[in-house]
Amino acid sequence: ADIICKRVSSLTPQEYAQCRRLTFPEDEGTMLDVLRYTRQREARGASLPAGWTPARALMARSVGNGRLLGWCLLDHDLHSMIYVRRSARRRGVGSALMCELLQLEARACVHPHDDASWAFFRRLQTELGYTLKVGYGYQSLDTEEDDAED
């Protein structure tokens with residue numbers, strides 16, 4: 001897959017729509033909000049508040065046909081979420097996006113949304129040797145704290 005990095009405010013209408021459609025359907029929060037918020041702010045000509053970095057989208061596209069296979073959002077607070085098309089999972093797309101993300105911003109904080117994504121990030125932590133920084137919202141069903149209570 002080819003990885004392309006763009007400021008969210010620079011996404012074309014087609015790229016914006018593709019990223020929205022590929023977003024986890026139950027995600028009614030951060031990812032879609034940041035997409036909308038960033039585009040609306042830029043359209044009004046508003047600058048970012050002090051200390052914020054521009055939100056960026058990393059898009060993994062098929063080399064053959066350019067189809068969006070997955071994408072990652074890095075928001076202004078360095079929180080990141082990764083979505084991969086179901087048919088492209090377990091083919092290295094998420095790993096490639098994560099590697100690009102860490103090259104772009106080593107301080108990125110990830111947001112797993114279920115046990116499968118939690119396992120994905122934990123596996124990559126071991127393989128890539130980075131420290132997993134997990135954001136708010138998701139608690140794994142198999143945390144060490146849960147094991148200690150048994």
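Quick caveat: nothing in here was measured; it's all calculated off a predicted structure.

### Some remarks on the overall build of the protein
A tally of helices and strands in the protein yields 5 helices and 5 strands. In the protein, the succession of α and β elements from N to C terminus is β-α-α-β-β-β-α-β-α-α. By the burial criterion, 42% of the 150 residues in the protein qualify as buried. Considering only contacts within the protein whose residues lie at least 6 apart along the sequence, 58% involve residues at least 24 apart. For the protein, the computed accessible surface area is about 8,600 Å², with 48% contributed by carbon and sulfur atoms.

### Things to note about empty space enclosed by the protein
Summed over all chains, the structure comprises 1 cavity of 30 Å³ or more. Estimated volume of the largest cavity: approximately 90 Å³. Lining the largest cavity are 13 residues, with Thr38, Glu42, Leu48, Pro54 and Ala55 sitting closest to its centre. By residue number, the principal contributor to the lining of the largest cavity is helix 2 (residues 30–43), which donates 4 residues.

### Thoughts on the pattern of salt bridges
This model, assessed by the stated rule, comprises 3 salt bridges. For Glu15, the salt bridge is made with Lys6, and the minimal N-O distance between the two is 2.8 Å. Given a relative accessible area of 23%, Lys6 falls into the partly exposed group. Among the ionic pairs, Glu105 bridges to Arg107, the shortest N-O distance being 2.8 Å.

### Digging into helix 1 (residues 13–22)
All buried positions along helix 1 are accounted for by Glu15, Tyr16, Gln18, Cys19 and Leu22. Buried residues along helix 1 cover an arc of 165 degrees about the axis, so they all sit on one side. Exposed residues on helix 1 whose side chains face more than 90 degrees from its buried face are Pro13, Gln14 and Arg21.

### Remarks on the packing of helix 3 (residues 93–104) against helix 4 (residues 115–128)
The contact between helix 3 and helix 4 brings their axes to 11 Å, and the two run at 60 degrees. As the angle between them shows, helix 3 and helix 4 are arranged oblique. Like other packed secondary-structure pairs, helix 3 and helix 4 cross with a definite hand, here right-handed. In contact with Gly94, Ser95, Met98, Cys99 and Leu102 of helix 3, helix 4 contributes Phe120, Phe121, Arg123, Leu124 and Leu128. Here the residues of the contact of helix 3 with helix 4 sort into 7 nonpolar, 2 polar and 1 charged.

### Overview of the confidence of the model for the protein
A low pLDDT means the predicted coordinates there should not be read in detail. Of the residues in the protein, 83% have a pLDDT of 70 or more, and the chain-wide mean is 78. Within the protein, the lowest mean pLDDT, 34, falls on helix 5 (residues 144–149), and the highest, 94, falls on strand 2 (residues 56–61). Segment residues 138–150: pLDDT under 50, and 13 contacts once partners within four positions in sequence are set aside and those in other chains are kept.

### As for the nonpolar core
Burial of nonpolar side chains together is a common tendency in soluble globular proteins. By size, the foremost hydrophobic cluster in this structure holds 20 residues, and its most contacted members are Ile82, Val93, Leu97, Met98, Leu101 and Phe121. For this core, the secondary structure elements donating two or more residues are strand 2, strand 3 (68–74), strand 4 (79–84), helix 3 and helix 4. Broken down by element, this core gets its largest block of residues, 5 residues, from helix 3. With residues near it in sequence (within four places) discarded, Leu101 still touches Leu58, Cys72, Leu74, Ser80 and Ala108. One finds Val8, Cys19, Leu32 and Ala55 within the second-largest nonpolar core, a separate group that totals 16 residues.

How each quantity is defined
Residues numbered from 1 in each chain as written. Predicted model: local features only at pLDDT ≥ 70, side-chain atom pairs only at ≥ 80, totals over all residues. Heavy atoms only, no water. Helix = DSSP H or I, 4+ residues; strand = E, 2+ residues; numbered from the N terminus. Buried < 20%, exposed > 50% of the residue type's maximum accessible area, 1.4 Å probe, protein only. Contact = heavy atoms within 4.5 Å. Areas by Shrake-Rupley, 256 points an atom, 1.4 Å probe, with all protein chains shown as cover. 1 Å grid on protein atoms, 1.4 Å probe; cavity = no way out; pocket = protein on both sides within 12 Å on 5 of 7 lines; lining within 4 Å. Points joined across faces, edges and corners; volume = space filled by probe spheres on them. Salt bridge = Lys/Arg side-chain N within 4 Å of Asp/Glu carboxyl O. Arc of directions from axis to C-beta. Axes fitted to C-alpha atoms, helices over the stretch in contact; angles between N-to-C directions. Parallel < 35°, antiparallel > 145°, perpendicular 65-115°, else oblique. Left-handed = near helix turned anticlockwise from the far one by under 90°. Nonpolar A, V, L, I, M, F, W, Y, C, P; charged D, E, K, R; others polar. pLDDT = per-residue confidence, 0-100. Core = buried A, V, L, I, M, F, W, Y, C linked by side-chain atoms within 4.5 Å.

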